[in-house]
Amino acid sequence: MKEAEKGEVQETETGNSTAGRTGAAPMPERIQPTRGWASLKLRDIWRYRELLYFLTWRDIKVRYKQTIIGGAWAILQPLLVMAIFSIFFGRLLGVPSDDIPYPLFSYSGLVIWTFFANGVTFSANSLVVEANMIKKVYFPRMIAPLSSILSCLLDFTLAFMVLIIMMLFYGRGPTLAVFWLPLFLLLAMVTTTGVGLWFSALNVMYRDVRYALPFLVQAWLFATPIAYPSSILSGAWKVIYGVNPMAGVVEGFRWALLGAETRPGGIIAVSSGVAVLLLVSGAFFFRRTERIFADVI
Amino acid sequence: MQELAIKTEGLGKQYRIGGTQARYKTLRESIVDGAKAPFKRMGRLFRGEAYAGTGLHESIWALKEISFEVKQGEVLGIIGRNGAGKTTLLKILSRITEPTEGVAEVWGKVGSLLEVGVGFHPELTGRENVFLNGAILGMRKAEIENKYDEIVDFAGVDKYIDTPMKHYSSGMQVRLAFSIAAHLEPEILLIDEVLAVGDIGFQRKCFSKMDEVAYAGRTVIFVSHNMEAIRSLCTRGVWLDEGKVVYEGDATSAINLYIESFSGESAVSTIAEESHVVDSGLLRIDKVSILDSEGRATSRISYREDFSIGLEIGILGTIEKARLGIGINSPGGQRITTVHHTDKGGIPLGVPPGRYAVLARFVNDLMPGLYVISVGAHEEDSGKSLDYIPYAIDLSIIGTSKEGESPDPANHGLVDMEVNWSEVERI
């Protein structure tokens, strides 16, 4: 693997450079204005994977510094929302929950939702927060939102462990559908990254994003089947509902873990399509606007 | 033939300067603007142009038609006034920002130091910040691990390395930051004015580290206002002015031409109201001039040519005893010397109101370069400041003396003292 890296264009391992440099590589790196749609340069991101690792690690280390309960916030956030939902929607309004105990029903949705909401919020602000870094150092800019999203995985894992405890408490073991779980986690990542890339790039140019986002996230929460099941919608509507990619993520996640009776087919298909579209368009939009980040941030 | 490390052709960078200060817009502004030509605007936005403005925004060329070459192993100094485009050039070469036109070709891995300590987080310990900052500067984890001890040792913060950075003094932070930067080993190193930090001892250490870098055959581009640093480190120089290359050649010539460009500007400086940082209402120095050895007003003095500084003073009230002072500063703001009127038996001012003039003659020991003259006056007994002008006039010392003599290139200092060496004797 080391060898393969060294073979890459003109990038030699700097650690070995003292031994005597072998002169210029035949192909220089060209710096020029990019016109039109830029390529994604995924290889560049791969080259900077250690920075991605360090920034993720820093976000995790720093997030709950100087708090009293620390990482417990990761669990408390969805738990408190679950309590509110259980009282108002579950008890008072009697919202159905597909025969799953309501607290378990809403918490399972909230666990994956919180990952999405935090991922989008942190990544949307990631470039603005790192403005100085962007003005002073080169790195593939996509690293910033990506590391913000990755750092939310730890919170997700903590909240997920509480979900397992709740499942034991309510005696709801997983069915065979649990093997689909990784797929839905991937779908959640894709959705979060797609939305995160769009908003982080927009936020550089329009700081309105910072103020509008909390409202958007809140509205999105209610447009997603977390407090209520999508089964209250019928037939075709249910599939259209899947245009909200988080609808597919939450339904799928819940189905894979708690095994609701019917497999949520159509909604997942639509959501997956939208999620991939968001990711691809987000990545290209990001790359397109990336060239001016350092100038306008 | 030496291989090229960097080649630029017609490099240009245009900035749009929107309105007053806001560099980014609010959506509302954009909507108002956009109502006029929404599709055009969105088109521009998607094309990724900085500010989809409506043509109302002015634009300036920070760089225009920059073409130069740097060979491998060369140390290139870039000089020029503030706003000449030096930093913008480094930003383009390090890919932080894109050029608006032109091409640059770069052979080798680039490391840039536009600022030290980028990404330091106050909640993390020194150790953690070394790894984080190293990664941000493009070092690999294994590389940082190898150099870790050396970095901490160089910074001299071993004792506090596991303490959160927020408890560090600013000096310690800067030392650690520079130490990481100094251990960066890319093939091409771009350095902006980052050496102007830390105490003198640490600066010296950094300079010798930089010399090491230069000797290791690495290609370096170095931006600085510190002529002494440029002279001692760089083999070649580029002088930028208003975004264009004015001169490209050996470092000493570039420096001399740059310094000369300041001359003739103000051989006599009438002190503006805002230049006085002290206002006693009793004494005002209102004119400062520089005279060459023949008594002509000029701001250009040759190496080893004696010069005089003349002051015109208005006495406005009753002063018991006043002492005039003249300070010579390096462009970096370091005081080289301060001389006072009474040092050599002059008569303290204790005179009725009116206008007075005085001339101070200097034996010129200064190395070629650009200096800043400060002038002031204080009451001799109380020490109370009567007037102080930190930036009164520029003084340029040209590279060669009237007899065609040049300073020893090995002298990297600011002053060229007369020295008498004894015979070398066996002991």
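In case you missed it, the structure is sitting above this.
This one's a predicted model, so the numbers in the text were calculated from it and none came from an experiment. (Residues numbered from 1 in each chain as written. Chains lettered and ligands numbered in written order. Predicted model: local features only at pLDDT ≥ 70, side-chain atom pairs only at ≥ 80, totals over all residues. Heavy atoms only, no water.)

Trainee: Sorry, what's going on with the overall build of chain B here?
Mentor: Counting its secondary structure elements, chain B contains nine helices and 18 strands. Surface summary for chain B: the accessible area is close to 19900 Å², and the carbon and sulfur share equals 52%. (Helix = DSSP H or I, 4+ residues; strand = E, 2+ residues; numbered from the N terminus. Areas by Shrake-Rupley, 256 points an atom, 1.4 Å probe, with all protein chains shown as cover.)

Trainee: Whenever I open this one, the overall build of chain A confuses me. Can you help?
Mentor: The number of helices and strands found in chain A is 13 helices and one strand. With the C-alpha coordinates aligned to their principal axes, the bounding extent of chain A is approximately 75 × 40 × 40 Å. The buried share among the 297 residues of chain A stands at 53%. The long-range share in chain A, meaning contacts at least 24 apart out of those at least 6 apart in sequence, stands at 81%. Carbon and sulfur atoms provide 70% of the accessible area of chain A, an area that totals close to 13500 Å². Averaging the coordinates of the 26 positive side-chain charges in chain A and doing the same for the 18 negative ones gives two points 4 Å apart. (Buried < 20%, exposed > 50% of the residue type's maximum accessible area, 1.4 Å probe, protein only. Contact = heavy atoms within 4.5 Å. Lys, Arg positive; Asp, Glu negative; His and termini not counted. Charge placed at Lys NZ, Arg CZ, Asp CG, Glu CD.)

Trainee: Hey, could you run me through helix α4 (residues 126–136) of chain B in this one?
Mentor: The buried count for α4 of chain B comes to 10 of 11 residues, which makes it a mostly enclosed element. Among the residues making up α4 of chain B, those that are buried are G126, E128, N129, V130, F131, L132, N133, G134, A135 and I136 of chain B. Those residues of α4 of chain B hidden inside the fold are in contact with α3 (49–63) and α6 (131–136) of chain A together with α5 (141–155) and α6 (170–182) of chain B. Positive backbone phi, approximately 95°, marks G138 of chain B, located one or two places after α4 of chain B.

Trainee: Teacher, can you tell me more about the packing of helix α8 (residues 181–205) of chain A against helix α12 (residues 265–290) of chain A here?
Mentor: Angle between the axes and distance between the axes: these two values describe a pair of packed helices. All names here are of chain A. Between α8 and α12, the shortest axis-to-axis distance is 8 Å and the interhelical angle comes to 35°. Seen from above, α8 lies across α12 with left-handed handedness. Residues of the contact of α8 with α12, tallied by class, amount to 17 nonpolar, eight polar and no charged. (Axes fitted to C-alpha atoms, helices over the stretch in contact; angles between N-to-C directions. Left-handed = near helix turned anticlockwise from the far one by under 90°. Nonpolar A, V, L, I, M, F, W, Y, C, P; charged D, E, K, R; others polar.)

Trainee: Would you mind going over the nonpolar core with me for this structure?
Mentor: Nonpolar side chains tend to gather and get buried jointly when the protein is soluble and globular. Membership of the largest hydrophobic core comes to 104 residues, with the highest contact counts inside it found for L89, L176 and I221 of chain B. The biggest single contributor to this core is α6 of chain B, with seven residues. Counting residues in hydrophobic clusters, the runner-up holds 55 residues, among them L110, I149, L213 and L258 of chain A. (Core = buried A, V, L, I, M, F, W, Y, C linked by side-chain atoms within 4.5 Å.)

Trainee: Can you help me understand a nonpolar patch on the surface in this one?
Mentor: Among the surface-exposed residues, I68, I69, W73, L76 and L80 of chain A lie close enough to one another that they form a single nonpolar patch of about 500 Å² accessible area. Relative to the assigned elements, L80 of chain A resides in helix α4 (residues 72–92). (Patch = residues over 30% accessible without salt bridge, like charges linked within 9 Å, V, L, I, M, F, W, Y side chains within 5 Å. Salt bridge = Lys/Arg side-chain N within 4 Å of Asp/Glu carboxyl O.)

Trainee: What exactly am I supposed to notice about the pattern of salt bridges here?
Mentor: Note on pairing: side chains with opposite charge can pair once their charged atoms come close. For the structure shown, the criterion picks out 29 salt bridges over all chains. A salt bridge links D155 of chain A to R63 of chain A; its shortest N-O distance comes to 3.4 Å. Highlighted residues: D155 of chain A in helix α7 (residues 143–170) and R63 of chain A in helix α3, separated in sequence by 92 residues. Residues R236 of chain B and E74 of chain B are paired through a salt bridge, measuring 3.0 Å at the closest nitrogen-oxygen approach.

Trainee: Help me understand the packing of aromatic side chains in this model?
Mentor: The tally for this structure, following the rule as stated, stands at 22 aromatic pairs over all chains. Centroid distance F54 of chain A to W57 of chain A: 5.9 Å. Interplanar angle 85°. Geometry classified as edge-to-face. Of the two residues, F54 of chain A and W57 of chain A are both situated in helix α3; the distance of three residues between them amounts to about one turn of the helix. Of the residues examined, F54 of chain A reaches a relative accessible area of 4% and is grouped as buried. The partly exposed category is assigned to W57 of chain A, whose relative accessible area is 23%. In textbook terms, an aromatic cluster arises when at least three aromatic residues are bridged by ring pairs, as seen for Y53, F54 and W57 of chain A together with F131 and Y148 of chain B. Cation over ring: R95 of chain B sits above Y138 of chain A, and NZ or CZ is 4.1 Å from the ring centre. (Phe/Tyr/Trp six-rings, centres within 6.5 Å; stacked < 30°, edge-to-face > 60°. Lys NZ or Arg CZ within 6 Å of the ring centre and 35° of its normal.)

Trainee: Before we go on, may I ask you to explain the environment of P407 of chain B in this structure?
Mentor: Residue and element names in this part refer to chain B. Within the element layout of this structure, P407 appears in the segment after β18 (385–398). Using a relative accessible area of 14% as the deciding quantity, one classes P407 as buried. A sequence separation of 349 residues divides P407 from E58, and the C-alpha atoms of the two residues are 47 Å apart.

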